[in-house]
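# Geometric and topological summary
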Amino acid sequence: MPSELQPPTGRRGFLKGAAGALAVPAAATLVGVGAAAGPAHADDGGLPDYAPVPAAATGPQVNEAGYYVGQIAGNLYWVTDSFYQAMFLTTRRGVVLVDAPPTIGHNLLRAIDDITRANGRPSKVTHLVYSHSHADHIGAAGLFGTDVVRISHAATAGLLARAADPNRPLPTVTFQDKYQLRVGGETLHLAYHGPNHAPDNIFVHAPEYATLMLVDVLYPGWVPFKNLAVSQDIPDWIKAQSIAMDYPWQTFVGGHLGRLGVRADGALQIRYMDDLEASTRSAIASVDPAPFFAKYGAQGNSWAIFKTFLDAVADAAAAPVAAKYTGVLAAADVFTRDNAWTLLESLRIDAGVLGPFGVHP
């Protein structure tokens, strides 16, 4: 086993322990929403104490090595460490892996060995699909040697060339719109529907197994990560959620956290985003900008005017949405305010909802 990406012992232990604390038995996965949670408060160590994670948001228990590997359907499998996810197909010729998150790292090899030892198929990874260029999802790609066929969108190649990261080798095959990957009797359909979370993020569909993998767009059981997944194109990131729902899937692999998704998860996130947009538009119109202009305008501090007004709008927008979804979507109280702030900025600069910074009369 290659050793160049082996994490330090302390880090490995931390991730293993944290993943174990997050995970629950598999019986709790792919079910309905959880019970309402209590209020947050500061714990004895001074760190914030957030609402409990609904049981329905958590995934299966990881093993002693810190990972869980399971069958999606047929020859399609997934692996998680409760923070990140990858997907792989076992074929007659070898393994097709989609993404190589560094937090899973060498456990990808162990998970693949677990499955291929049981089903009698070759364990060598012959093809590696990059969902997009970000290091947190493909930063362990260097583990699989130099003779792997690496497939990505064409834009990924340029982004990786700029990064010059040895842990993310350049793709050997690229495509613009669609690519059908056939290996050893198995098929994946790769498609690009424009920028969303990243300029190169692709949809990976396994039609035979009614499964879609789309990373950093839908978060089954959870609110989106901070600032709407730190996405580079918010309108198209929102649009990508609906594009995902247009695919005929029953199982969803989102690239993050500890469980797979079902169609109800996608519908629930879209409702969350609809509520957040409505609340943000309302807050832009209702928050009085006068105190911010009066206080900081007198000081000549334009950035302070912007910051305090935008922060106040984000707070007002987030409050009812976080309250509504706490106990329904995990971490609604953690990231809804950050998500409202980012959506506010997108509404201003992308949609022209400028509030007090509109056209001067």
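Shown above is the structure to which this text applies.
Residues numbered from 1 in each chain as written. Predicted model: local features only at pLDDT ≥ 70, side-chain atom pairs only at ≥ 80, totals over all residues. Heavy atoms only, no water.

### A look at the packing of aromatic side chains
The description of two aromatic rings rests on the distance between their centres and on the angle between their planes. Across all of its chains, the model carries 12 aromatic pairs by this definition. Here Phe 309 and Phe 357 contribute two aromatic rings whose centre-to-centre distance is 5.7 Å and whose plane-to-plane angle is 75°, an arrangement assigned as edge-to-face. Highlighted residues: Phe 309 in helix H9 (residues 302-325) and Phe 357 in the segment after helix H10 (332-349), separated in sequence by 48 residues. On the basis of relative accessibility, which here comes to 18%, the residue Phe 357 falls in the buried class. If you follow Arg 263 out to its NZ or CZ, it ends over the ring of Trp 249, 4.8 Å from the centre. (Phe/Tyr/Trp six-rings, centres within 6.5 Å; stacked < 30°, edge-to-face > 60°. Helix = DSSP H or I, 4+ residues; strand = E, 2+ residues; numbered from the N terminus. Buried < 20%, exposed > 50% of the residue type's maximum accessible area, 1.4 Å probe, protein only. Lys NZ or Arg CZ within 6 Å of the ring centre and 35° of its normal.)

### Some words on the nonpolar core
Ranked by internal contacts, the top residues of the largest apolar core, which has 51 residues, are Phe 203 and Tyr 272. For this core, the secondary structure elements donating two or more residues are helix H5 (226-230), helix H6 (234-246), helix H7 (263-286), helix H8 (290-297), H9 and H10. Counting residues per element, this core draws most heavily on H9, at 10 residues. If we skip the residues at most four places from it in the chain, Tyr 272 touches Val 223, Pro 224, Val 321, Tyr 325, Leu 329, Thr 336 and Asn 339. Tyr 77, Val 79, Ala 100 and Tyr 130 belong to the second-largest nonpolar core, a separate cluster that totals 26 residues. (Core = buried A, V, L, I, M, F, W, Y, C linked by side-chain atoms within 4.5 Å. Contact = heavy atoms within 4.5 Å.)

### Some points on the packing of H7 against H9
Taken N-terminus to C-terminus, the directions of H7 and H9 make an angle of 140°; their axes are 9 Å apart at the nearest point. Taken together, H7 and H9 sit at an angle that is classed as oblique. Crossing of H7 against H9: the hand is right-handed. Contact with H7, carried on its side by Leu 268, Arg 271, Tyr 272, Asp 275, Leu 276, Ser 279, Thr 280, Ala 283 and Ile 284, involves Phe 309, Val 313, Ala 316, Ala 317, Pro 320, Val 321, Lys 324 and Tyr 325 of H9 and no other residues of that element. When grouped by side-chain class, the residues that make up the contact of H7 with H9 number 12 nonpolar, 2 polar and 3 charged. (Axes fitted to C-alpha atoms, helices over the stretch in contact; angles between N-to-C directions. Parallel < 35°, antiparallel > 145°, perpendicular 65-115°, else oblique. Left-handed = near helix turned anticlockwise from the far one by under 90°. Nonpolar A, V, L, I, M, F, W, Y, C, P; charged D, E, K, R; others polar.)

### With respect to the pattern of salt bridges
Tallied over the full model, the rule gives 12 salt bridges. Close ionic contact of Glu 186 with Arg 121 constitutes a salt bridge, the shortest N to O distance being 3.7 Å. Of the two residues, Glu 186 is situated in strand S11 (residues 186-191) and Arg 121 in the loop between helix H2 (107-119) and strand S7 (125-129); the sequence distance between them amounts to 65 residues. Classification of Glu 186 by relative accessible area gives buried; the value is 6%. For the salt bridge of Lys 307 with Asp 311, the shortest nitrogen-to-oxygen distance reads 2.8 Å. Highlighted residues: Lys 307 and Asp 311, both in helix H9, separated by 4 residues, approximately one helical turn. By relative accessible area, Lys 307 is classed as exposed at 53%. For Asp 311, a relative accessible area of 16% gives the class buried. A single network of salt bridges, built from pairs that share partners, joins Lys 307, Asp 311, Asp 315 and Arg 337. (Salt bridge = Lys/Arg side-chain N within 4 Å of Asp/Glu carboxyl O.)

### Section: H2
With 13 residues, H2 extends 18 Å between its outermost C-alpha atoms, agreeing within 8% with the 18 Å of an ideal straight helix rising 1.5 Å per residue. Taken together, the buried residues of H2 touch strand S3 (68-73), strand S4 (76-80), strand S5 (85-90), strand S6 (95-98) and S7. Immediately downstream of H2, the backbone of Gly 120 shows phi near 75°, a positive value. (Expected span 1.5 Å × (residues − 1).)

### Description of the sheet that holds S7
Taken together, 7 strands build an open sheet; the order of strands is S3-S4-S5-S6-S7-S8-S9 and the sheet is mixed. In this open sheet, the two strands that pair with only one neighbour each are S3 and strand S9 (173-175). The average angle at which neighbouring strand axes cross in this sheet is 20°, direction not considered. Pairing of S4 with S5 involves 5 bridges; the strand directions are antiparallel. Each residue of the ladder has a partner; that of Leu 76, found in S5, is Leu 89. Seen against the sheet, helix H4 (residues 154-163) touches strand S8 (149-153) and S9 and runs at an angle of roughly 105° to S8. (Pairing = 2+ DSSP bridges.)

### Side note on the sheet that holds strand S14 (residues 251-253)
Ordered by their spatial adjacency, 5 strands build an open sheet running S10-S11-S12-S13-S14, and the pairing between neighbours is mixed. In this open sheet, the two edge strands, each paired with only one partner strand, are strand S10 (178-183) and S14. Here the strands of the sheet are splayed against their neighbours by 20° on average, with no regard to which way each runs.

### Side note on H7
In a regular helix each residue adds 1.5 Å, so 24 residues correspond to 34 Å; H7 covers 35 Å between its end C-alpha atoms and thus fits that length. Within the span of H7, buried status applies to Asp 265, Gly 266, Leu 268, Gln 269, Tyr 272, Met 273, Leu 276, Ser 279, Thr 280, Ala 283 and Ile 284. Tucked inside the fold, the buried residues of H7 contact H5, H6, H9 and H10.

### Remarks on the side chain of Thr 90
Summarising the element assignment, Thr 90 is placed in strand S5. We classify Thr 90 as buried; its relative accessible area is 0%. With residues near it in sequence (within four places) discarded, Thr 90 still touches Asn 75, Tyr 77, Val 95, Ile 115, Thr 116, Asn 119, Arg 121 and Glu 186.

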